Amino acid sequence: MSTETDVPEIRLISGVRKRTDMLFRGAMTVGALASLVILALIAGFLLFRGFQIFADFGLGFLTSSTWDSGDVNDPTTARFGIAAMLVGSVLIATIAVVVAVPFAMSAALFIEYYAPRAVRTVLTSVLDLIAAVPSVIWGIWGYSVLMPDAEGWAKTLHSWLGWFPLFDVPAPIFGRSPFIAGLLLAMMILPIVTSVAREVYGQAPRDHVDAAYALGGTRWGALRTVVIPFGRSGLVGGAMLGLGRALGETVAVFLVLNLVFDVNFKILASAGGNVASLIASRFGEASPYELKGLMAAGLVLFLVTLLVNAAATAVVKRAKVAV
Amino acid sequence: MSTAVIESVTPAPRRPWRQPRKVALETTILVVASVVFARFLEAATGLAGVLGLYVGFAVALPVLAIVSVVRKGRNATIDRFATSVLVVAFGVVCIPWISVISTVVRNGSRAFYSGYLTTDMLITGVDDPLNTGGLAHALVGSVLVVLIASFIAVPLGIVAAIYIVEVKGRFAGFVRFLTQAMSGVPSIVAGLFVYATIVIFFGGFSAWAGASALVVLMLPTVARTSEEVLKLVSDDLRAASYALGATQARTTFSVVLPTVFSGLITAAVLGVARVAGETAPLLLTTSYFVKTSTNLNEPIATMPIYIFSSLGIGTENSIARAWGGSLVLLAAVLILFLIARIASNRLSRK
């Protein structure tokens, strides 16, 4: 006895992709390369608009500190150079990273190895949330809450360490200094550095940690000998990511920094430089020629941050952490 | 012949992983003593307020920690000292977070009255009393600009993720590198770029220009999160779909994407949260307008610019308005985050 069943049509299996798939893959490839197109357009257009500046001032654009838009009708009287701004950007970002890294490291170790499991989950979410607090809110907070306090800290620092050139000030004014901007940026980059550090520390080989305990080591002993050395390169990568963020931050720095076109290493003095803030502050009233100068400054900032970020990505990748 | 009597001994259950009660007691005493010490220090020196109290605590805790275990030897002392330093440092990290949120809530609520969310600033000056005017214009503008940006950035980001995870094309590594590089583009540079192209070509500030600048900043976040999400789909599911004779396009659109739909929502929401508060690019692209407007070809008000410009005026009432805007913005970001978290929890339960 036999019953008849529906037998599906015999299907050929082949390794050749169908036309729909070729189309699909092609479309996805084109779409995915959008980021390449955008990055290329950014570099291309900023270069295109700012090219005249590079042609007119050459390397002087990077080495001089004068920013003078000159006579509106006579572009030849204008002088543009971003040395002071560039030095200021690097100085402030460095302060931010130097302040943030030890705290990020401690917080990461605390979250990963001391906090109870439930607390750890909550803290991880809180880290993500704080990382999303808009920079304008950090700016308004930095301006009205942090700055009055930080001026006092700067005074104390100056009275104890004023003999050291870095902490010297030409006049006893401590507001709107690179020190305060750096502190604010440190707080802003803390979440990202901490979450990278936490992730690397969490991947430290569990059996090595257990072995350290089994040998009679204390918790700190295990952290010092296993976890911290394991996470070193990841921490460096996280710090560099933070550096990239700090270099490009605009509004918050703009609100707590006094822009002065002079190369200045006195971090407590009320005078600093910042490329991003320069663009934000001069943009509104810039002449067409000055706008070109700002475009050129933007290109320099873009290339510097791209470089720092690429390096950071490479380092973090070596630590095998998805950022 | 002798018989050995084997006594069976049942060992009492021990829980070596549990902290003995003594340790917990010691910790409590240590913390309480440090707080008391900090209080004295605050009274004795010029330190003032909560921050001064914390400084005292930060000094007292490590010192008392050393004193409390020094008799147990060097290793125990170092361990407890390190622990107390980590705790203190973690506290320092949390202080600005608490301060930011509490100040925004405290100062921001001052600007609120019944019509704050529904009135604009067309007939009100920034310095006018706080029971007039509001931020409806900025709210509408922000929603519009961010929506347009999402319509472009979310599909592009998901496509990039599909390319990396599903197509696994030749440039997969390169595309991932590019998205990472893009996430580091300073926001002001994105604004400057859009100014150099769209604003100059089309002759003026507009919502479109602002949205384009936000796309640059949103795309990497969406792409990276979607990539993580797509990786969660098990290969069995794909194999099953192929075995039924489906093409790769069909598999992706009918099997993979629906499976992780809530994860993709998370990716989109995180992208929105990332750009909702961006100020610098909008300064260069949308400018500001005091009227509630839905005209996308004109300058339009947005939340960050509302905050920034009110702060810039610098009078008491305008600064209060800036805080009010900050409160609304912060609440919006918080809500977006909660949505993202709920969506991703739903995904992980599947």
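As shown above, the structure is provided for reference.
For clarity, every value in this text was computed on a predicted model and none was experimentally measured.

Moving on to the overall build of chain A. Per the secondary structure count, chain A includes 13 helices and 2 strands. Taking 323 residues into account, the globule formula puts the C-alpha radius of gyration at 20 Å, and chain A, at 26 Å, lies well above it. With respect to the three principal axes, the spread of C-alpha positions in chain A is 105 × 65 × 30 Å. Here chain A holds 323 residues, and the buried ones make up 52% of them. For chain A, contacts bridging at least 24 residues in sequence account for 74% of all contacts bridging at least 6. In the structure as shown, chain A presents an accessible area of about 15200 Å², 65% of it carried by carbon and sulfur atoms. Of note, chain A has its 23 positive side-chain charges centred 8 Å away from the centre of its 20 negative side-chain charges.

Ile42, Phe61 and Trp138 of chain A together with Ile188 of chain B are the most contacted members of the largest nonpolar core, which totals 199 residues. The element that contributes the greatest number of residues to this core is helix H4 (residues 83-114) of chain A, accounting for 18 residues. Looking at this core, you find at least three residues from each of domain 1 (21-110) and domain 2 (136-349) of chain B. Setting aside residues up to four positions removed in sequence, tryptophan 138 of chain A forms contacts with Ile130, Val133, Leu184, Met187 and Met188 of chain A together with Pro96, Trp97 and Val100 of chain B. If you look at the next biggest cluster of nonpolar residues, it comprises 7 residues, including Leu30, Leu61, Ala65 and Val88 of chain B.

Next up on the list: the side chain of threonine 250 of chain A. Tracing the backbone through its elements, the reader meets threonine 250 of chain A in the loop between helix H10 (232-248) and helix H11 (251-256). The buried category is assigned to threonine 250 of chain A, whose relative accessible area is 2%. At a separation of 3.3 Å, a polar atom in the side chain of threonine 250 of chain A contacts the main-chain carbonyl oxygen of glycine 248 of chain A. Here threonine 250 of chain A is in contact with Ala276, Ser277 and Ala280 of chain A together with Ser187, Ile188 and Ala280 of chain B, once residues within four sequence places are set aside.

Another point: the pattern of salt bridges. Across all of its chains, the model carries 13 salt bridges over all chains by this definition. Arginine 341 of chain B serves as the salt-bridge partner of aspartate 128 of chain A, at 3.8 Å between the closest nitrogen and oxygen. Of this pair, aspartate 128 of chain A sits in helix H5 (residues 117-131) while arginine 341 of chain B sits in helix H13 (residues 316-349), which puts the two residues in different chains. The class of aspartate 128 of chain A is partly exposed, set by a relative accessible area of 32%. Note on arginine 341 of chain B: relative accessible area 37%, which makes it partly exposed.

Rules of the game
Residues numbered from 1 in each chain as written. Chains lettered and ligands numbered in written order. Predicted model: local features only at pLDDT ≥ 70, side-chain atom pairs only at ≥ 80, totals over all residues. Heavy atoms only, no water. Helix = DSSP H or I, 4+ residues; strand = E, 2+ residues; numbered from the N terminus. Rg over C-alpha atoms; globule rule 2.2 N^0.38 Å. Buried < 20%, exposed > 50% of the residue type's maximum accessible area, 1.4 Å probe, protein only. Contact = heavy atoms within 4.5 Å. Areas by Shrake-Rupley, 256 points an atom, 1.4 Å probe, with all protein chains shown as cover. Lys, Arg positive; Asp, Glu negative; His and termini not counted. Charge placed at Lys NZ, Arg CZ, Asp CG, Glu CD. Core = buried A, V, L, I, M, F, W, Y, C linked by side-chain atoms within 4.5 Å. Domains from an automatic or database assignment. Polar contact = N/O pair within 3.5 Å; in protein donor to acceptor, adjacent residues only side chain to side chain. Salt bridge = Lys/Arg side-chain N within 4 Å of Asp/Glu carboxyl O.

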